[in-house]
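# Structure at a glance
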Amino acid sequence: MVYFLALVIGIITGLRAMTAPAATSWAAYLGYLNLGGSWLAFMGYRFTPWILSVLALGEFVTDQLPSTPSRKVPVQFGARLVSGALSGAVVGVDGGMLWGGLVAGIVGAVIGTLGGAAVRSQLATAFGRDLPAALIEDAVAIGGAILVVGLLR
C-alpha cells in the first residue's frame, strides 16, 4: 500500500508540482505520518504546510496564464521529479520504505507529467479552450491529494 500511495502522490505531483508536497506536509503536521528522526521531519513543522499551501495556490493561479511554460520543458519536468521524489519519500519513510517511496514518487511524477499533459491537451481540444481542462486537472490534483492524505490516516 505504501508504494501505491507514493506512486499516486507522484502522479499528483505531475499534475501540479506543489500540491503533493503541501498535502504530505499537512499529513505529517496532523500526525498521519511519523517523520520524527528522519531528514524529512521538516515537512511536519508548524509553518511548512502553510508555506507549501501558499506555493500550491500560487501554482494554481500561474498555471492558468498563457505565458506559463509547458510542464514538459526541462526545468518544469525536473521540478516535478524532485517534488515527486520528496512527496514519495515522505509517504515511504513512515512505512520504513524511504527509498522505495522516493522511486515510486519519481515514477508517478513522470506518469502524471506526461499523462496529465496528454489528457489536458485532449480535454482542451474537446472544450475548444484550455481553461475548463485546467480546472478539471486542478480538481483531480486536489481531490487525489485529499484522498491520499485520507488513506494515510
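The text that follows walks through the structure, step by step, so that each part is easy to find.

If you walk through the whole model with that rule in mind, you get eight salt bridges. Across the salt bridge formed by Glu 59 and Arg 80, the nearest N and O atoms sit 3.8 Å from each other. Remark: Arg 80 occurs in helix α4 (residues 74–94) and Glu 59 occurs in helix α3 (residues 48–62); sequence separation between them is 21 residues. A relative accessible area of 4% places Arg 80 in the buried class. Salt bridges sharing common partners tie together Arg 16, Asp 63, Arg 71, Arg 120, Asp 130, Glu 137 and Asp 138.

Our focus in this paragraph is the side chain of Asp 63. One can find Asp 63 in the loop between α3 and α4. Residue Asp 63 is classed as buried on the basis of its relative accessible area, which comes to 15%. In terms of polar contacts, Asp 63 uses its side chain to reach the side chain of Arg 120, at 2.7 Å. The residues touching Asp 63, leaving out its near neighbours within four places in the chain, are Arg 16, Thr 68, Arg 120, Ala 134 and Asp 138.

A few words on the nonpolar core. Ranked by size, the top nonpolar core spans 29 residues in total, and within it Ile 12, Leu 33, Leu 35, Leu 40 and Leu 152 carry the most contacts. Broken down by secondary-structure element, the contributors of at least two residues to this core are α1 (2–15), α2 (19–29), α3, α4, α5 (98–127) and α6 (131–152).

On to the environment of Ala 28, then. Summarising the element assignment, Ala 28 is placed in helix α2. Look at Ala 28 and you get buried, because its relative accessible area is 10%. Note: C-alpha distance between Ala 28 and Ala 41 (13 residues apart in sequence) is 8.2 Å. Setting aside residues no more than four positions away along its own chain, Ala 28 makes contact with Leu 33, Leu 35, Met 43 and Gly 44.

Time to look at α2. Most of α2 sits out of view: nine of its 11 residues are buried. When α2 is considered as a whole, its buried residues turn out to be Thr 19, Ala 20, Pro 21, Ala 22, Ala 23, Thr 24, Ser 25, Ala 27 and Ala 28. On its buried face, α2 sits against α1, α3, α4 and α6. Following α2 by one or two positions, Gly 31 has its phi on the positive side, about 90°.

What follows deals with α1. Given a rise of 1.5 Å per residue, 14 residues ought to cover 20 Å, and the 20 Å separating the end C-alpha atoms of α1 matches this to within 8%. Every buried residue of α1 is listed here: Leu 5, Ala 6, Ile 9, Gly 10, Ile 12, Thr 13, Gly 14 and Leu 15. In this fold, the buried residues of α1 make contact with α2, α4, α5 and α6.

The final tally for this structure, using the stated rule, is two aromatic pairs. Note on Trp 26 and Tyr 29: the rings are 5.8 Å apart at their centroids and 85° apart in plane angle, and the pair reads as edge-to-face. Highlighted residues: Trp 26 and Tyr 29, both in helix α2, separated by three residues, approximately one helical turn. Judged by relative accessible area, Trp 26 falls into the partly exposed class, the value being 22%. Judged by relative accessible area, Tyr 29 falls into the partly exposed class, the value being 36%. Considering the side-chain rings of Trp 26 and Trp 50, the 4.9 Å spacing of their centres and the 75° angle between planes classify their relative orientation as edge-to-face. Here Trp 26, found in helix α2, pairs with Trp 50, found in helix α3; they are 24 residues apart in sequence, far enough to count as distant. Taken together through their ring pairs, the aromatic side chains of Trp 26, Tyr 29 and Trp 50 make up a single cluster.

Reading the values: rules and limits
- Residues numbered from 1 in each chain as written.
- Predicted model: local features only at pLDDT ≥ 70, side-chain atom pairs only at ≥ 80, totals over all residues.
- Heavy atoms only, no water.
- Salt bridge = Lys/Arg side-chain N within 4 Å of Asp/Glu carboxyl O.
- Helix = DSSP H or I, 4+ residues; strand = E, 2+ residues; numbered from the N terminus.
- Buried < 20%, exposed > 50% of the residue type's maximum accessible area, 1.4 Å probe, protein only.
- Polar contact = N/O pair within 3.5 Å; in protein donor to acceptor, adjacent residues only side chain to side chain.
- Contact = heavy atoms within 4.5 Å.
- Core = buried A, V, L, I, M, F, W, Y, C linked by side-chain atoms within 4.5 Å.
- Expected span 1.5 Å × (residues − 1).
- Phe/Tyr/Trp six-rings, centres within 6.5 Å; stacked < 30°, edge-to-face > 60°.

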